[in-house]
Amino acid sequence: MNLPNPHGAMLAIDAAAIAHNWRLLSSRIAPAECAAVVKANAYGLGIETVVPVLARAGCCTFFTAHLEEGFRVRKAAPTSIIYVLNGMPPGSEPLYQINRLRPVLGTISEVGRWKKAGGGPSALHVDTGMNRLGLSLGEAKTLSTLNEWESIGIEVLMSHLVSSEEPGSDMNMAQITCFNRVKDWFGDRIKRRSLANSSAHFLPEPPIYELTRPGYAIYGGNPTPDQHNPMKPVIRLEAQILQIRHIEPGESVGYNAQWTAKRPSRIATISLGYGDGWLRSMSGADGKPGGAAMMNGKLCPFVGRISMDLITVDVTDCPIADVSAGQRMTLIGDGISVDDVAVMAGTNGYEILTSLGERYQRRIVGV
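Structural notes, computed from the coordinates.

The rules behind each value
Residues numbered from 1 in each chain as written. Predicted model: local features only at pLDDT ≥ 70, side-chain atom pairs only at ≥ 80, totals over all residues. Heavy atoms only, no water. Core = buried A, V, L, I, M, F, W, Y, C linked by side-chain atoms within 4.5 Å. Buried < 20%, exposed > 50% of the residue type's maximum accessible area, 1.4 Å probe, protein only. Helix = DSSP H or I, 4+ residues; strand = E, 2+ residues; numbered from the N terminus. Contact = heavy atoms within 4.5 Å. Phe/Tyr/Trp six-rings, centres within 6.5 Å; stacked < 30°, edge-to-face > 60°. Salt bridge = Lys/Arg side-chain N within 4 Å of Asp/Glu carboxyl O.

## Quick word on the nonpolar core
- Counting residues in hydrophobic clusters, the biggest one holds 105 residues, and the most contacted among them are L54, L124, I235, W278 and M329.
- At 7 residues, helix α1 (residues 15–29) tops the list of elements feeding residues into this core.
- Contact partners of L54, with chain neighbours within four places excluded, come to I18, W22, A36, V38, C59, F62 and I218.

Structure (structure tokens):
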């Protein structure tokens, strides 16, 4: 007996594209090492899915945001090097050491507690302009004058670029200059440096050093906005059509009647909503276009407000024979990229990826 698919939407993740994207980034910066940032559940695609693919492709070093993510990466890639970006909460020192995780130390207090706990491999984060995490320049300079470095175990000096996706930004060179100054303070006591994120791999003079840590580009996002995307697309998202209804001019669609038909229209209701990470900012209203889906090569606009589980799409311009209940419309793929969706939503592709919900049927292809 063939049972119906219990999922309203299907998310296909291309493992071969993930491996290709990481290898492309790695080739651009060799002989430096290319790590992989897999925080936020590997940008929404799943740590348990993505990390083994990257490990098989040759990636040896991973960055997460939280300890819990580090535990998951350790299970998925037992021999890998894993750094945890968001610092070291008080009392967590044994968890790092037992699970062979490396804290990214961002305060003098964290450095002191790590040393007191016996130290071990770790990274030192110095702020060069983000004003978010990391030691201040004054703190870093003071720390560089201390002795007993071997008892701390810091192996990587790192900072984070503010505007690497903007090649013309003055911030890039200002931060690189600042980072080089900090690097000189520590000299050979910290042998590896890391500054480059995804977009920094494509700067005219990329700040490579010994270790880079791309994230977004691995998952198919464009690291060179407003230019051709050098990365392969990684995901495809399709949602099932639940119903087709015919409405007359003057009839409205969706909550609070934000969209009104100007002509006889056919409206497809698809099984996807903000409960699946499809942001309400993509709602279509009178005088305000929103998101869109693709049906057999035709771009069809969202009409009315996106609700928790459903989106209504205007398919009037599609041939009647091409659209029926049970078929699937494409939300990402067929010419709609993650970055295109981000423009429709008024955000960036990072938010689109990391908002992907748990209700999709997830299929791994390209293995």
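Right, picking up where we left off after that structure.
## Notes on the packing of aromatic side chains
- The full count for this structure, using the stated rule, is 7 aromatic pairs.
- Ring centres of Y43 and Y219 lie 4.7 Å apart, and the angle between their planes is 20°; on these two criteria the pair is classed as stacked. One end of the pair, Y43, is in helix α2 (residues 39–43); the other, Y219, is in the loop between β10 (211–212) and β11 (235–247), with 176 residues separating them in the sequence.
- Between W149 and F186, the ring centres sit 5.3 Å apart and the planes meet at 85°, which makes this aromatic pair edge-to-face. Of this pair, W149 sits in the loop between α7 (137–144) and β8 (154–158) while F186 is found in helix α8 (residues 170–186), placing the two residues 37 residues apart along the sequence.
- Look at F186 and you get buried, because its relative accessible area is 2%.
- Clustering of aromatic rings is evident, with ring pairs tying together Y43, Y216, Y219 and Y350.

## What about the pattern of salt bridges?
- Counted according to the given criterion, the structure contains 14 salt bridges.
- One salt bridge in this structure joins R236 and E238, with 2.7 Å as the shortest N-O distance.
- For R359, the salt bridge is made with D309, and the minimal N-O distance between the two is 2.9 Å. Here D309 lies in the loop between β16 (298–301) and β17 (311–314) and R359 lies in the loop between α10 (349–354) and β19 (361–365), a separation of 50 residues in the sequence.
- Of the residues examined, R359 reaches a relative accessible area of 41% and is grouped as partly exposed.
- Residues joined by salt bridges that share partners form a network here, namely E48, E68 and R72.

## Comments concerning the environment of E165
- Looking at the element boundaries, E165 is found in the loop between β8 and α8.
- Taking C-alpha positions, E165 is 19 Å from A345, a pair spaced 180 residues apart along the chain.
- Beyond its immediate sequence surroundings of up to four residues, E165 is in contact with S199 and P225.

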